[in-house]
Every structure is written in structure tokens, then in C-alpha cells.
Amino acid sequence: KAIQLKPEDAEAYNNCGIVVYELGRFDEALQNYDKAIQLKPDYAEAYCNRGAVLQELSQLQEAVASYDKAIQFKPDYVEAYSNRGNALEKLGRYDEALRNYDKAIQLKPDLAEAYSNRGAALENLGRHDEALPNYDKAIQLTPDYPEAYSNRGNALKALGLPNEALKSYDKAIQLTPDFTEAHNNRGIALKDLGLLDEAIACYEKAIQLRPDYKDAYSNLLMTLNYTPN
């Protein structure tokens with residue numbers, strides 16, 4: 001209605017984009033952000049929101065370019081740095097992702113998401129011991145953060161601490177019972193402890209929650225065929 005009354009209202013297009021994005025209508029969201037930018041070429045928020053849509057559409061290079069524009073017009077744009085880090089991480093550019101998370105944290109020291117994602121980037125670089133304090137900080141800032149607990153479990157598992165990892169996965173699942181990745185990773189920790197039946201139950205739960213979850217099928221098959229030394 002706002003757009004009908006005022007067709008040149010860039011903010012209305014941006015807000016419309018946010019709503020349809022939340023509804024999962026990504027192509028439509030992109031059209032609204034593009035229109036907002038056409039009407040207001042220095043609209044940093046629209047560029048940042050556009051980047052989030054492009055990430056959902058797996059157009060990661062384009063997403064990074066959109067975040068670049070957002071930061072160009074708004075150099076202290078915390079969300080743009082954090083989201084840019086996420087896109088770079090998916091591209092495998094982990095060192096660059098770290099720099100973006102660091103910038104986001106510099107601008108907003110209580111941004112729990114940036115700490116959790118920074119930890120994930122460090123893990124992808126094999127720096128599990130450095131990742132752990134980042135997850136702890138994210139949980140300190142947001143105690144009900146299931147992704148941070150699950151990521152923390154991954155780091156503990158990689159450090160050879162499966163019992164401690166289980167506690168983190170359990171907390172993640174307590175907070176979000178349908179957290180498929182946490183169920184799957186909990187199964188891996190249980191397998192490491194030799195608790196094969198419990199591990200199988202975790203993989204089956206993950207598959208029940210997400211029938212197309214390839215990693216869970218693979219882990220289930222390996223566990224069913226596992227012969228302890």
C-alpha cells in the first residue's frame with residue numbers, strides 16, 4: 001500500500017524485501033532490494049539485505065560484492081562485515097572471513113554471532129584450540145545460543161574430548177530439539193566413545209528430521225559397518 005501511494009519510496013521497497021525474504025521468497029526479495037537501490041543508489045541497508053538473499057541463493061561472489069557496496073556507503077556497518085565474513089567462509093576464504101569477523105567485533109564487542117562464526121572459521125583452518133574461547137564468549141554473551149553450543153562441541157570433539165563435546169551437543173539439542181547437525185555430530189562423538197547403538201540412534205534422529213541429510217546417512221552407514229579394533 002505504501003508503494004502504491006508513493007512509488008518512489010526506496011525504504012518501502014527495502015521493507016517489503018525484508019518481509020518476503022522472511023517468507024522464503026528470495027527472488028521477489030531481490031527484486032525489491034534492487035528497486036530500492038535503483039531509487040537510492042547509496043542505500044547501504046538495501047545492499048546488505050541484498051547480500052543476504054544472494055547468500056541464500058548460493059550466489060556467494062555476488063553476495064560479497066553487495067556487502068562491499070554496503071560497507072562502501074556505511075564504513076561502520078557491523079552486520080555487513082559479519083555477513084560478509086559468512087559469505088567468505090562459505091567460499092573457503094577463511095583468513096578473509098576472520099578479518100571481517102574481527103572488524104564486526106571491533107565495532108560491536110557484544111556481537112555473539114560474530115564470535116561463534118569466528119570460531120567456525122578458525123576450525124576450518126585447523127585452529128581448534130583457538131576456536132574454543134570464541135564459542136565460550138558467544139555463549140557468555142547469549143546463553144541460549146544453540147549454534148554456539150553445537151560448534152563448541154565440534155571443537156571439543158576435534159581436540160579429543162568427546163565427553164565434553166557431548167555436553168555441548170546436549171545443550172544445543174535442549175535449546176533446539178530439531179537441530180539436525182547437533183544430532184549428527186552427537187552421533188560422531190558417541191561413536192568415538194564406542195557407544196555405537198546410541199550413535200546410530202542419533203543419526204537416525206537427524207535423518208528423521210531431515211530426510212535428505214547426506215552426512216547423517218554416511219555416518220550411519222560407517223557406524224553400522226564399524227568393527228572396533
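The structure displayed is predicted, hence computed values, not measured ones.

Definitions and cut-offs
- Residues numbered from 1 in each chain as written.
- Predicted model: local features only at pLDDT ≥ 70, side-chain atom pairs only at ≥ 80, totals over all residues.
- Heavy atoms only, no water.
- Salt bridge = Lys/Arg side-chain N within 4 Å of Asp/Glu carboxyl O.
- Buried < 20%, exposed > 50% of the residue type's maximum accessible area, 1.4 Å probe, protein only.
- Helix = DSSP H or I, 4+ residues; strand = E, 2+ residues; numbered from the N terminus.
- Polar contact = N/O pair within 3.5 Å; in protein donor to acceptor, adjacent residues only side chain to side chain.
- Contact = heavy atoms within 4.5 Å.

Let us now look at the pattern of salt bridges. Counted under the stated rule, the structure contains eleven salt bridges. A salt bridge links Arg 127 to Glu 130; the shortest N-O distance between them is 2.9 Å. Its relative accessible area of 36% is what places Glu 130 among the partly exposed residues. We note a salt bridge from Arg 210 to Glu 181, for which the minimum N-O separation is 2.6 Å. One end of the pair, Arg 210, is in the loop between helix H13 (196-209) and helix H14 (214-224); the other, Glu 181, is in helix H12 (residues 180-192), and 29 residues separate them in sequence.

It is worth spelling out the side chain of Asn 185 at this point. In this fold, Asn 185 is placed in helix H12. Here Asn 185 falls in the buried class, since its relative accessible area comes to 13%. Here the side chain of Asn 185 touches Asn 154 through a polar contact of 3.1 Å, side chain to side chain. Apart from the residues lying within four places of it in its own chain, the contact partners of Asn 185 are Ser 150, Asn 154, Lys 157 and Tyr 169.

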